[in-house]
Amino acid sequence: MNSETATRRIVIGGASGFLGSRLREEFAGEGWDVATIGRSGADASWGDPAAILRLVDGADAVIGLAGKSVDCRYNDANRDEILRSRVDTTRELSAAIAASAAPPKVWLNSSTATIYRHAMDRPQTEAHGELGAGFSVDVARNWEREFFAADLPGTRRVALRIAIALGDGPATNTLFRLARLGVGGPQYDGPWFPHRRYRGIGPDPTEPSASWHRTRGRQRFSWVHIDDIVGAVRFALDTETLSGPVNVASPGPSDNRTVMRALRRTVGAWIGLPAFRWMLEPATWVLRTESEMVLKSRWVVPEKLLEAGYEFAWPEIEPALRNVWAGRRG
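Keep in mind it's a predicted model, so treat the numbers as computed, not measured.

Draft legend 1. Expanded view of the sheet that holds strand β4 (residues 61–64). In spatial order, the strands read β3-β2-β1-β4-β5-β6-β11; together these 7 strands make up an open sheet with parallel pairing. In this open sheet, the two strands that pair with only one neighbour each are β3 (44–45) and β11 (244–248). Inspection of the sheet shows strand β1 (residues 9–13) paired to strand β2 (residues 33–38) by 5 bridges, in the parallel sense. Of the residues in β2, the one forming a bridge with Ile10 is Val34. In the packing of helix α4 (residues 76–99) onto the sheet, the strands contacted are β2, β4 and β5 (106–112), and the crossing angle to β5 comes to about 170°.

Here's what the structure looks like:
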């Protein structure tokens with residue numbers, strides 16, 4: 001550790017979650033002065049612009065991760081809070097940076113790879129990807145719009161379009177649980193009763209183009225190991241040529257059928273019953289989540305990171321799952 005690194009200060013908004021906690025530990029361990037913004041137990045609270053400004057002014061970097069978890073039912077209250085929690089906290093960080101006498105050189109803000117359309121025909125890159133429509137996409141669009149809205153000439157901005165994260169968090173643990181229970185087979189989309197939970201949101205809401213897709217369990221699955229999220233964050237902080245949207249996803253995307261087979265092998269489950277949408281919908285209602293999480297085809301590749309020279313620690317799905325499983329058990 002050198003003296004320069006020991007004096008660097010980073011501000012993390014939303015440091016209490018799965019990713020924020022890991023980043024806080026990593027940067028603190030490397031000698032950074034880590035300041036946090038959150039709802040409780042943080043150095044500053046959301047809704048306190050003076051306190052946020054004190055942290056941001058003079059910081060070397062800011063990372064925005066705040067937002068209500070999307071692992072819930074998309075009722076009206078949850079829909080509104082998912083959007084509000086992302087846009088409002090991003091606006092608060094933007095205002096603090098704009099008001100800073102010594103603004104941070106770089107601001108990384110979380111976004112999501114689900115901003116792209118349901119894709120089974122070709123991968124979605126930052127340069128040639130097509131944005132989708134409906135609730136989840138509108139949340140991402142409005143989130144990024146707020147992030148890039150202000151004129152902040154002294155601060156480089158990177159929107160991290162993060163794929164499904166593999167680590168000791170709720171999403172991965174749910175997949176492991178399904179595999180161990182013998183229901184870790186492929187998930188099949190199909191017709192279902194109409195509903196409005198996936199309708200668009202925000203000032204210019206969009207509508208999903210289709211209520212379901214015939215995927216036959218081959219919907220694409222873009223993912224990223226948490227080690228590579230941390231690695232990509234470090235890389236983006238240090239790589240001055242990176243700006244704008246950046247896909248944070250493994251260069252080895254898989255598909256639902258292959259992922260579920262890898263999960264079964266990882267946990268030692270010999271049986272994996274398939275799940276059709278008419279089975280998934282009641283199950284996700286009980287679990288208070290949404291079937292979109294496993295039925296949307298997400299085919300995202302990290303073109304910008306690869307071109308800039310980032311090397312992924314976990315480019316293939318099964319070794320990544322085995323690593324997470326071993327760490328979880330240990």
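Having seen the structure, we can now continue with the description.
Draft legend 2. How the structure looks around the pairing of strand β6 (residues 156–162). Most of β6 sits inside the fold, with 7 of its 7 residues counted as buried. Across the two faces of β6 the burial is the same, with Arg156, Val158, Leu160 and Ile162 and Arg157, Ala159 and Arg161 all buried. When β5 meets β6, the two strands line up parallel, connected through 7 bridges. Bridging from a neighbouring strand, Trp107 pairs with Arg157 of β6. Regarding topology, helix α5 (residues 135–149) serves as the crossover connection from β5 to the parallel β6, and that connection is right-handed.

Draft legend 3. View of empty space enclosed by the protein. Tallying each qualifying case throughout the model produces 2 cavities of 30 Å³ or more. Size it by volume and the largest cavity reaches roughly 90 Å³. At the level of secondary structure, the elements contributing two or more residues to the lining of the largest cavity comprise β9 (220–221), α8 (256–267) and α10 (292–295). Among the elements that make up the lining of the largest cavity, the one with the highest residue count is α8 (3 residues). Partitioned by chemical class, the residues of the lining of the largest cavity number 7 nonpolar, 4 polar and 3 charged. Space inside the second largest cavity adds up to approximately 40 Å³. Lining the second largest cavity, in full, are Gly13, Trp46, Gly64, Leu65, Ala66, Thr89, Thr90, Leu93, Asn109 and Trp143. Among the elements that line the lining of the second largest cavity, the one with the most residues is α4, at 3 residues.

Criteria and cut-off values
- Residues numbered from 1 in each chain as written.
- Predicted model: local features only at pLDDT ≥ 70, side-chain atom pairs only at ≥ 80, totals over all residues.
- Heavy atoms only, no water.
- Pairing = 2+ DSSP bridges.
- Helix = DSSP H or I, 4+ residues; strand = E, 2+ residues; numbered from the N terminus.
- Contact = heavy atoms within 4.5 Å.
- Axes fitted to C-alpha atoms, helices over the stretch in contact; angles between N-to-C directions.
- Buried < 20%, exposed > 50% of the residue type's maximum accessible area, 1.4 Å probe, protein only.
- Right-handed = clockwise from strand over helix to strand, strands pointing away.
- 1 Å grid on protein atoms, 1.4 Å probe; cavity = no way out; pocket = protein on both sides within 12 Å on 5 of 7 lines; lining within 4 Å.
- Points joined across faces, edges and corners; volume = space filled by probe spheres on them.
- Nonpolar A, V, L, I, M, F, W, Y, C, P; charged D, E, K, R; others polar.

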